[in-house]
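An overview of the molecular structure
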Amino acid sequence: MENNKNYLANGEIWRDTDGNVIHAHGGHILFWRGVYYWYGENRTGNRYVSVYASKDLMNWEFRRDVITTVTKTQEHRIKTDRALVTADGKKINIERPKVVYNKKIQKFVMWMHVENGVDYSLAACGIAVSDTPDGDFIYLGAFNPFGYMSRDCTLFVDEDDTAYFISASRDNADLHMYRLTDDYLNVDKLVNKLWQGEYREAPAVVKREGIYYMFSSYCTGWAPNQCKYATATGMENSWSVLNKIGDETTYRTQPAFILTVADTGSTYYFSDRWNGQNYDDSRYVVLPLTFDSNQNPMIEYLDQVTIR
């Protein structure tokens, strides 16, 4: 992506305003004081999470590597594993970082999926905090919420500022939904266990006209599959059965997050097109998320998208 682009070319290499490849996979966009901040996985060098900033959602300026192997750590009020490298100095895995702002503590709080860098047996969630959206985050460590596995994840903050952390559990067989404490720094209650035995991952949530929509993919490793969605009238209420959206491989993508544009209210499906043989060459696909007269969500593939 070159400077001053007025569209996004799906499946192509996207570059920041300095011409460097954007590394923000499995990510999330936060809107803060007129600027969009895009956080995502960056597995190059000693990096784990990078952040980019934009006012138009199409031209992205690199701001900072916010989590690296040498990020400052701090003891948390709960027992956590604060290691950012393995015992022999190799990298761990940090995936699907999501960032929200907490009004009570006036900090930006990141939740993520953390693995030990050797295998996927840790299955933990991690927390980091920062005073600014693009500042140096402090890593508070990783833990298993209420002792459960926690893998692919997302965050959702409702209109009353109640926050929810949703992650794949039981070897990805179920999705667990946790209500967070009011400072967003711990889980408060496990409020839902969803789609038992249906093996969902890559969850993403959006609320529209009083209805909550959760999108997720099936578990097929790096290979794309059929995205499905479910609806509810409240995050802690019962959710519908899963319904298909897109084609049989969701246009060769996996959900990362759903973005509602601040000024227009339009909604977009942000996703990753993974390259299992060369992770750093994975691409991005963003598509308009529209709704029919029955409020059913729809996505159709476009080669180019202008976000507005």
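Residues numbered from 1 in each chain as written. Predicted model: local features only at pLDDT ≥ 70, side-chain atom pairs only at ≥ 80, totals over all residues. Heavy atoms only, no water.

**A word on the overall build of the chain**
- Check the secondary structure of the chain and you find zero helices and 23 strands.
- Computed over the C-alpha atoms, the radius of gyration of the chain is 18 Å, within 12% of the 19 Å expected from 2.2 N^0.38 for a compact globule of 308 residues.
- Referenced to the eigenvectors of the C-alpha coordinate spread, the extents of the chain come out at roughly 50 × 45 × 40 Å.
- Sorting the 308 residues of the chain into buried and exposed places 55% on the buried side.
- Taking the intrachain contacts of the chain between residues at least 6 apart in sequence as the baseline, contacts between residues at least 24 apart amount to 47%.
- Put simply, the chain shows about 13300 Å² of open surface, and 44% of that area lies on carbon and sulfur atoms. (Helix = DSSP H or I, 4+ residues; strand = E, 2+ residues; numbered from the N terminus. Rg over C-alpha atoms; globule rule 2.2 N^0.38 Å. Buried < 20%, exposed > 50% of the residue type's maximum accessible area, 1.4 Å probe, protein only. Contact = heavy atoms within 4.5 Å. Areas by Shrake-Rupley, 256 points an atom, 1.4 Å probe, with all protein chains shown as cover.)

**Brief notes about the pattern of salt bridges**
- Enumeration over the complete set of coordinates arrives at 20 salt bridges.
- With its nearest N and O atoms 3.1 Å apart, the salt bridge here joins Arg 64 to Asp 136. Placement of Arg 64 in strand S5 (residues 61–68) and of Asp 136 in the loop between strand S8 (124–130) and strand S9 (138–143) is noted, with a sequence separation of 72 residues between them.
- Given a relative accessible area of 32%, Arg 64 falls into the partly exposed group. (Salt bridge = Lys/Arg side-chain N within 4 Å of Asp/Glu carboxyl O.)

**Regarding the nonpolar core**
- Counting 36 residues, the largest nonpolar core has Ile 29, Trp 38, Phe 215 and Ile 307 as the members making the most contacts within it.
- If you list the elements that add at least two residues to this core, you get strand S3 (35–41), strand S14 (200–208), strand S15 (211–218), strand S18 (254–260), strand S19 (267–273) and strand S20 (283–288).
- Look past the residues within four positions of Trp 38 in its chain and what remains in contact with it is Trp 14, Ile 22, Ala 24, His 28, Ile 29, Ser 50, Val 51, Tyr 52, Trp 60, Phe 257 and Tyr 284.
- Ranked by size, the runner-up nonpolar core spans 24 residues in total, among them Trp 32, Val 66, Ile 94 and Ala 128. (Core = buried A, V, L, I, M, F, W, Y, C linked by side-chain atoms within 4.5 Å.)

**Quick word on the pairing of strand S2 (residues 25–32)**
- Burial analysis of S2 places seven of its eight residues in the buried class, which makes it a mostly covered element.
- Relative to S3, S2 is paired through six bridges, and the arrangement is antiparallel. For Ile 29, the partnering residue across the bridge sits in S3 and is Trp 38.
- Linking S2 back to S3 in an antiparallel pair, the connection comprises two residues, with Arg 33 at a positive phi of about 50°. (Pairing = 2+ DSSP bridges.)

**Re the sheet that holds S19**
- Spatial ordering of the open sheet is given by S18-S19-S20, a layout of three strands whose pairing is antiparallel. Strands at the two margins of the open sheet, each flanked by one partner only, are S18 and S20. Going across the sheet, the axis of each strand differs from the next one's by a mean of 25°, ignoring polarity.
- Pairing between S18 and S19: six bridges, direction antiparallel. Its bridge partner lying in S19, Leu 259 is registered against Tyr 268. (Axes fitted to C-alpha atoms, helices over the stretch in contact; angles between N-to-C directions.)

**So, the side chain of Asp 272**
- Inspection of the secondary structure assignment puts Asp 272 in strand S19.
- Within the buried set, Asp 272 has no salt-bridge partner at all; the shortest N-O distance to an opposite charge, 4.8 Å, is to Arg 96.
- Reaching out from Asp 272, the side chain makes a polar contact with the backbone nitrogen of Gly 26 at a distance of 3.0 Å.
- When neighbours within four sequence positions are excluded, Asp 272 is seen to be in contact with His 25, Gly 26, Arg 252, Thr 253, Gln 254, Ala 256, Arg 283 and Tyr 284. (Lys, Arg positive; Asp, Glu negative; His and termini not counted. Polar contact = N/O pair within 3.5 Å; in protein donor to acceptor, adjacent residues only side chain to side chain.)

**Topic: the pairing of S5**
- Direction of pairing for strand S4 (residues 47–54) relative to S5: antiparallel, over a ladder of six bridges. Its bridge partner lying in S5, Val 49 is registered against Ile 67.
- Taken together, S4 and the strand that follows it, S5, pair antiparallel across an intervening segment of six residues, in which Leu 57 is found at a positive phi of about 70°.

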